[in-house]
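Coordinate analysis (summary)
What follows is the residue order along each chain.
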Amino acid sequence: MKQQKFTLIEMMVILAIIAILISLLFPALSKARSQARQAVCASQQKQIGILFAMYNGDNQHRYPIYGSSVSDWVSWDDQLGDYDGRNITQEEKERQNFRVTDERYDNDLYLCPANVQVRSKGTAVLRSYSINQ
């Protein structure tokens, strides 16, 4: 019995078909990845909303805003630090300008994965979410 070998042309056709199938698959994977990032952002916003509710219940129905009665120089995300697991002391909250070297201040809860901004380590903390006063 003779062994049948593929010719070069047949191999090239098979590779071309595989390449076309892969090129059709990439947009679908990209879309799924984008939807997953958006789902993470929605989940983080829900978690931040829960943190606001917890803060509100513990602070005489006030929300954490910049310049609130807690401290005039503590940002809203640092005021939520007691609830999001970072365990930041009041002194550390008030000297937030020096926080770029400590990883506790760089919480990914406040950074949406779908955010197009690039963050480099050692610079100011980047947040995807903000609040109005």
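1. Details of the confidence of the model for the chain
When pLDDT is averaged along the chain, the result is 79; 75% of the residues meet or exceed 70. Of all helices and strands in the chain, the one with the weakest mean pLDDT is helix α3 (residues 90-94) (75), whereas helix α1 (residues 8-58) scores best (92).

2. Digging into the nonpolar core
Of all hydrophobic cores here, the largest spans eleven residues; its members are Cys41, Ile48, Leu51, Phe52, Tyr55, Trp76, Leu80, Leu109, Tyr110, Cys112 and Tyr129. Looking at this core, the element that brings in the most residues is α1, giving five residues. Setting aside residues up to four positions removed in sequence, Leu109 forms contacts with Gln44, Gln47, Ile48, Leu51, Asp84 and Tyr129.

3. Topic: the state of the cysteines
Counted according to the given criterion, the structure contains one disulfide. Disulfide partner of Cys41: Cys112, at an S-S distance of 1.4 Å. Between Cys41 and Cys112, the disulfide has an S-S torsion of 70 degrees and is therefore right-handed. In this pair, Cys41 sits in helix α1 while Cys112 sits in the segment after α3, placing the two residues 71 residues apart along the sequence. Here the two residues Cys41 and Cys112 agree in accessibility, since each one is buried.

4. A short note on a nonpolar patch on the surface
On the surface, a nonpolar cluster with roughly 890 Å² of combined accessible area is contributed by Phe6, Met11, Ile14, Leu15, Ile18, Ile22, Leu25, Phe26 and Leu29. Tracing the backbone shows Ile18 in helix α1.

The rules behind each value
- Residues numbered from 1 in each chain as written.
- Predicted model: local features only at pLDDT ≥ 70, side-chain atom pairs only at ≥ 80, totals over all residues.
- Heavy atoms only, no water.
- pLDDT = per-residue confidence, 0-100.
- Helix = DSSP H or I, 4+ residues; strand = E, 2+ residues; numbered from the N terminus.
- Core = buried A, V, L, I, M, F, W, Y, C linked by side-chain atoms within 4.5 Å.
- Buried < 20%, exposed > 50% of the residue type's maximum accessible area, 1.4 Å probe, protein only.
- Contact = heavy atoms within 4.5 Å.
- Disulfide = S-S within 2.5 Å.
- Patch = residues over 30% accessible without salt bridge, like charges linked within 9 Å, V, L, I, M, F, W, Y side chains within 5 Å.
- Areas by Shrake-Rupley, 256 points an atom, 1.4 Å probe, with all protein chains shown as cover.
- Salt bridge = Lys/Arg side-chain N within 4 Å of Asp/Glu carboxyl O.

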